[in-house]
Amino acid sequence: YMINENNEVKISTDEGFEIIKVITKMGMKQTIVDAMKNIMKLEERKNKETIKLRTEMIKKVGNDRYRELTEEEKVLLSDEVLAEENNKIGENLTNVNSETAALYLDLIFEFVSKIPNAKKELYKTLSEIFEKDVKEIEKQAVEETIEMLKQIANSSTFKSLFAFFK
């Protein structure tokens, strides 16, 4: 199957439309659109907290010294800043990560529970994207199928497809 420069599964236009058809038949379109909106909001919150953390790190060592730090030293400095009293950045980042994980778990559970609504179409689409026989998809371990679904969900093509609907 095709992999792009970001090491993501590459989805053709035709395959993208097949994915939309499967998701619509499963009754998942609005759920996915809403989840994508929430994920973007969470990413925005995470970015704001990361910027706050970087600002605190620069305050602590100065801009010139910060630029000279290795990645390892920056990790140690961030740990030091996050450990300081009254620092809510770490707590906020943890909350964002927890909310994101919960959102993905809910989405995955709902998606998997609705697969029977469009099982044949899903197998056909997976077989096209991953260049495997439909029978092979049907018989493979569920972990392999879930991994395929994860690769699709993490692809920039999939994300841009659903960003279009928001």
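Above: the structure in question.
A quick note: this is a predicted structure, and the numbers were derived from the prediction, not measured. Along each chain, residues carry numbers from 1 onward, in the same order as the chain's sequence is written. The model is predicted, so local features are restricted to residues of pLDDT at least 70 and side-chain atom pairs to those at 80 or more, both for listing and for counting; the totals for chains, interfaces and linings are taken over all residues. Values shown for side chains rest on all heavy atoms present in the structure; no hydrogens or waters enter the calculation.

Right, let's get into the side chain of S155. Comment: elements are numbered from the N terminus, with helices defined as DSSP H or I runs of at least four residues and strands as E runs of at least two. Among the secondary structure elements, S155 is positioned in the loop between α8 (142-154) and α9 (156-163). Assessed through its relative accessible area of 0%, S155 is described here as buried. Polar contacts, as counted here, are pairs of nitrogen or oxygen atoms within 3.5 Å of one another; within protein the pair requires one atom able to donate a hydrogen and one able to accept it, and residues that are adjacent in sequence qualify only if both atoms are side-chain atoms. A distance of 3.1 Å separates a polar side-chain atom of S155 from the backbone nitrogen of F158. We call two residues in contact whenever any of their non-hydrogen atoms come within 4.5 Å of each other. Residues contacting S155, with those up to four places away along its chain left out, are E8, V9 and I11. Here the term buried applies to any residue with accessible area under 20% of the maximum for its type, exposed to any over 50%, and partly exposed to those in between, with areas from a 1.4 Å probe on protein chains only.

In this structure, L126 and I152 are the most contacted members of the largest nonpolar core, which totals 26 residues. Listing elements by their share of this core, those giving two or more residues are α1 (13-26), α2 (29-61), α5 (89-114), α6 (119-129) and α8. Not counting residues within four places of it along the chain, the set of residues in contact with L126 comprises E131, I137, T145, M148, L149 and I152. Take the buried residues of types Ala, Val, Leu, Ile, Met, Phe, Trp, Tyr and Cys, join any two whose side-chain atoms come within 4.5 Å, and each joined set is a nonpolar core. Core analysis: the next-biggest nonpolar cluster, separate from the first, contains eight residues, M57, Y66, L69 and L77 among them.

In this section: the pattern of salt bridges. Whenever a carboxyl oxygen of Asp or Glu lies within 4 Å of a side-chain nitrogen of Lys or Arg, that contact is scored as a salt bridge. A complete count under the given rule lists 17 salt bridges for this structure. The salt bridge involving K59 is made with E56; its shortest N-O contact spans 3.4 Å. Remark: E56 and K59 occur in helix α2; sequence separation between them is three residues, near one turn of the helix. For E56, a relative accessible area of 29% corresponds to the partly exposed category. With a closest N to O distance of 3.9 Å, R65 and E73 form a salt bridge. Judged by relative accessible area, which is 31%, E73 ranks as partly exposed. Connected through salt bridges with shared partners, the residues E18, K21, K124 and E128 form a single ionic network.

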